[in-house]
Amino acid sequence: WSKNNPYLEERWMEIPVDIDPANLASRILSVREQIGDEWVEDLDILMEANDQILDSFFEMMKNRKVTDPGSSVGGLTNVG
């Protein structure tokens, strides 16, 4: 079915749905809480991954300085 086809009649169906506002609000708040809990876990994982990346980078830079004191880092020459 293509909505741009002029030869087809428009097809739609209306289904009445009863909504209990208090129940809906409670369910929305419950989902909000679940998402918040998941974000806290995800942010903890991201912080841990970031720490590992930084530790690895600094260890690599330290090893590079020890093995080749005249090496350049990021295009800058180590003059010290």
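Residues numbered from 1 in each chain as written. Predicted model: local features only at pLDDT ≥ 70, side-chain atom pairs only at ≥ 80, totals over all residues. Heavy atoms only, no water.

A. A look at the overall build of the protein. In terms of regular secondary structure, the protein is built from 1 helix and 2 strands. Scanning the protein from its N terminus toward the C terminus, one meets helices and strands in the order α-β-β. Considering the protein as a whole, with its 80 residues, one finds that 2% of them fall into the buried category. Carbon and sulfur atoms form 58% of the exposed surface of the protein, whose accessible area is close to 8,100 Å². (Helix = DSSP H or I, 4+ residues; strand = E, 2+ residues; numbered from the N terminus. Buried < 20%, exposed > 50% of the residue type's maximum accessible area, 1.4 Å probe, protein only. Areas by Shrake-Rupley, 256 points an atom, 1.4 Å probe, with all protein chains shown as cover.)

B. How the structure looks around the confidence of the model for the protein. Looking at the protein as a whole, its pLDDT mean stands at 85, while 84% of the residues score no less than 70. The secondary structure element of the protein with the lowest average pLDDT is strand β2 (residues 76–77), at 49, and the one with the highest is helix α1 (residues 21–67), at 95. (pLDDT = per-residue confidence, 0-100.)

C. Expanded view of a negative patch on the surface. Taken together, the side chains of Glu 33, Asp 37, Glu 38, Glu 41, Asp 42, Asp 44, Glu 48, Asp 51 and Asp 55 define an acidic patch exposed on the protein surface. Counting through the fold element by element, Glu 48 comes out in helix α1. (Patch = residues over 30% accessible without salt bridge, like charges linked within 9 Å, V, L, I, M, F, W, Y side chains within 5 Å. Salt bridge = Lys/Arg side-chain N within 4 Å of Asp/Glu carboxyl O. Lys, Arg positive; Asp, Glu negative; His and termini not counted. Charge placed at Lys NZ, Arg CZ, Asp CG, Glu CD.)

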